[in-house]
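Coordinate inspection notes
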Amino acid sequence: MSGKTKSVIPGFGLSFGISMTILSLIVVIPLCSLVVYSSQLSMADFWEIITRPRVLASYKVSLTTSFIASIINAVMGLIMAWVLVRYEFPGKRILDGMIELPFALPTAVAGISLAHLTVSSGPVGALFANFGIDIAYTYTGITVAMVFVGIPFVVRSIQPVLEKVEGEYEEAAFIMGAGRFETFRRVVFPEIRPALIAGFTMAFARCLGEYGSVVFIAGNKPYETEIAPLMIMSELQEFDYPAATSVALTMLLMAFVILFVNAVFQSRASAIVGGIR
Amino acid sequence: MKREDPAIVKGTLIGITTAFLAVMLVLPLVYVVYTAFRSGLEGFLAAVTDKYALHSIYLTVIVTLMAVAVNIVFGLYTAWVLTKFSFRGKRFLSALIDLPLTVSPIIAGLIFVLTFGRQSFLYPYLNELGIKVIFAVPGIVLATVFVTFPFISREIVPVLNAQGRDEDEAAALMGAGAFQIFREITFPHIKWAFLYGVVLCSARAMGEFGAVSVLSGHLRGKTNTMPLYIEILYQGYDFTGAFAVSSILVVMAILILIARNILEHRSKSRYLR
């Protein structure tokens, strides 16, 4: 409180006190207990745990499927944002309002629905089974669930930028003789690229930590379709707290790296929105 | 002079968007309701009026109300502190508030197990007082508050930043107290953003699965919220039951989306004019 500059508005002490108390109880103390607990582990133990073949396999599953799902979301998100910003057509508002569904629908509900649809006896699974493609209990299934979870991120990240770059630059490029595709590639795309990458990284971080919608469709076979959050879960169920904590720390580290990249591109994207306004 | 894309490009892109959203979002949603009613209305009613189902609905409502209440208090005070005052460490504080958004729900559950579980130094004291946190309702509430933590303050802060401090400072100089300023000047500005935050917070609170799953211990009829109960039914191959209880959450999700769209529209039309 010593660094506070004088404000004429009253109520700082009380408000600051209440916010800090709740913040400490809910976020700071629990996170500290993770740090305290892991400091009791020796570096050698920690290393032994996070390099177990089963744990390494779970990182591989999580990273691969999250990456593929986020690439799909980046491409589809770009198309959807373009359609929702640039075109007028009947039903546009409904499509736009639907984008947030993955936020509103509980993950477990999405999980059982996607799993039940895509098992070989389910309506969608049976269709693909004719061609010899299995969805549920494979990488494909995990990716499908993660695509569902990640849909809103890229769309909502690109939309505001696309709304701002409307118009003049494109006109100019066109008048100077650039083709339609060239205009997009050289004029529009550089403007939306930071927002696209910010949306991609956000979706990637979210997919990496996702649990509810993935566990039902994943099959959870050790070494094959076991995702990293499930790895933590099964270690917890065996009351192996050191192992759970070590894997959790590794995942937190990955999340922070991704979010750091995200923050960099996020600020570039908002500079574009702000600068053109 | 807007240059339109050719009809074929436009048509194709709209087609792709509609098809993708139909398959990825609408299909799973419709399928929940379809499966819930496949064995008739009686099957649905029997599943949702089951003793355990009713208890899970009750627990979900209680947990959601408590989590939303804590987050309302926190969200309002924090938004007020972050926007009306300048102090050192403000950026760090807001980064800390957003942290739960990026933590996997399983890790959110884990940190509470480590804080209150048997190996924690707090455990003997809590045990003596007869307080059970882990594998009990308080743990579920704590985990839910954690995962929904930033939702309300995040919605209010941008609106208050846009509003600035002039009006509040004028009111303060004229002798208004903090509560009076908040009630008569600040709150009317943030009304819609606040409601929107509450909607988002409730949506996430009632649907939280991972964090709650770590902390509940799965005691049927005692610590099962709706998502946990759905998991038990599904894994016991009671698909009608699982999808019947899920369909209640689907209806809630649709209502939340509608509310979201109305509220977002209102707050936008007020502040982006």
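These figures come from a predicted structure and were not determined experimentally. (Residues numbered from 1 in each chain as written. Chains lettered and ligands numbered in written order. Predicted model: local features only at pLDDT ≥ 70, side-chain atom pairs only at ≥ 80, totals over all residues. Heavy atoms only, no water.)

Points about the overall build of chain A
A tally of regular secondary structure across chain A gives 13 helices and zero strands. Mapped in sequence order, the helices and strands of chain A form the string α-α-α-α-α-α-α-α-α-α-α-α-α. For chain A, the residues scored as buried account for 55% of the 277 residues in total. By sequence separation, contacts in chain A at least 24 residues apart represent 76% of the contacts at least 6 residues apart. Approximately 12,000 Å² of chain A is accessible, and the part contributed by carbon and sulfur atoms is 67%. (Helix = DSSP H or I, 4+ residues; strand = E, 2+ residues; numbered from the N terminus. Buried < 20%, exposed > 50% of the residue type's maximum accessible area, 1.4 Å probe, protein only. Contact = heavy atoms within 4.5 Å. Areas by Shrake-Rupley, 256 points an atom, 1.4 Å probe, with all protein chains shown as cover.)

A few points about the environment of W47(A)
For W47(A), the location among the structural elements is in helix α2 (residues 43-50). W47(A) sits 199 residues away from S246(A) along the chain, and the two C-alpha atoms are 8.4 Å apart.

Topic: the packing of helix α3 (residues 53-86) of chain A against helix α1 (residues 7-37) of chain B
Packing of α3(A) against α1(B) brings their axes to within 9 Å, and their N-to-C directions diverge by 120°. In terms of orientation, α3(A) lies oblique with respect to α1(B). The element α3(A) and its partner α1(B) pack so that their crossing is left-handed. Facing M76(A), I79(A), M80(A), W82(A) and V83(A) of α3(A), the residues of α1(B) in contact are L13(B), I14(B), I16(B), T17(B), F20(B) and L21(B). The class makeup of the residues in the contact of α3(A) with α1(B) is ten nonpolar, one polar and no charged. (Axes fitted to C-alpha atoms, helices over the stretch in contact; angles between N-to-C directions. Parallel < 35°, antiparallel > 145°, perpendicular 65-115°, else oblique. Left-handed = near helix turned anticlockwise from the far one by under 90°. Nonpolar A, V, L, I, M, F, W, Y, C, P; charged D, E, K, R; others polar.)

Overview of the pattern of salt bridges
Two side chains that carry opposite charge are able to pair once their charged atoms sit near each other. Counting across every chain of the model gives 13 salt bridges over all chains. Where E224(A) meets K221(A), a salt bridge forms, and the shortest distance between an N and an O atom there is 3.3 Å. The exposure class assigned to E224(A) is partly exposed, which follows from its relative accessible area of 43%. A relative accessible area of 47% means that K221(A) is categorised as partly exposed. In this structure, the salt-bridge partner of E208(B) is R204(B), at a minimum N-O distance of 2.8 Å. Three or more residues are tied together by salt bridges with common partners; here these are D96(A), E100(A), R156(A) and R260(B). (Salt bridge = Lys/Arg side-chain N within 4 Å of Asp/Glu carboxyl O.)

Regarding the side chain of T17(B)
Mapped onto the fold, T17(B) is located in helix α1. In this structure, T17(B) is in contact with I79(A), M80(A), V83(A) and L95(A), ignoring residues within four places of it in sequence.

Examining the packing of helix α6 (residues 107-118) of chain A against α1(B)
Relative orientation of the contacting elements α6(A) and α1(B) amounts to 85°, with a least axis distance of 9 Å. One way to sum up the angle between α6(A) and α1(B) is to call them roughly perpendicular. Along the contact surface, α6(A) presents V109(A), S113(A), L114(A), H116(A) and L117(A), while α1(B) presents L27(B), P28(B), Y31(B), V32(B) and T35(B). A breakdown of the residues in the contact of α6(A) with α1(B) according to their chemical character gives seven nonpolar, three polar and no charged.

A closer look at unusual backbone geometry
All names here are of chain A. For Y137, which is not glycine, the phi torsion reads 65° and is therefore positive. Tracing the chain through its elements places Y137 in the loop between α7 (123-129) and α8 (139-164). Y137 sits in the partly exposed class, given a relative accessible area of 46%. Positive phi outside glycine occurs at Y223, with the angle close to 70°. Along the polypeptide, Y223 turns up in the loop between α11 (212-218) and α12 (228-237).

What about the domain arrangement of chain B?
All names here are of chain B. Along its sequence, chain B is carved into domain 1 (1-37) and domain 2 (39-271). Its C-alpha centre places domain 1 at a distance of 31 Å from the equivalent point of domain 2. Contacts between domain 1 and domain 2 engage seven residues on the former and eleven residues on the latter. With both sides pooled, the region where domain 1 packs onto domain 2 buries about 780 Å², and carbon together with sulfur makes up 82% of that total. In terms of surface lost to domain 2, no three residues of domain 1 exceed V32, A36 and F37, which account for 64% of the buried area on that side. Where domain 1 meets domain 2, there are zero salt bridges. Our count for the contact surface shared by domain 1 and domain 2 stands at two residue pairs in polar contact (both at pLDDT 80 or more). Its residues assigned to classes, the side of domain 1 that touches domain 2 shows six nonpolar, one polar and no charged. (Domains from an automatic or database assignment. Buried area = accessible area lost by both parts, 1.4 Å probe. Polar contact = N/O pair within 3.5 Å; in protein donor to acceptor, adjacent residues only side chain to side chain.)

Observations concerning the domain arrangement of chain A
Interface size is commonly expressed as the accessible surface area that is lost when the partners come together. Taken domain by domain, chain A holds domain 1 (10-40) and domain 2 (53-276). Taking the mean C-alpha position of each, domain 1 of chain A and domain 2 of chain A sit 31 Å from one another.

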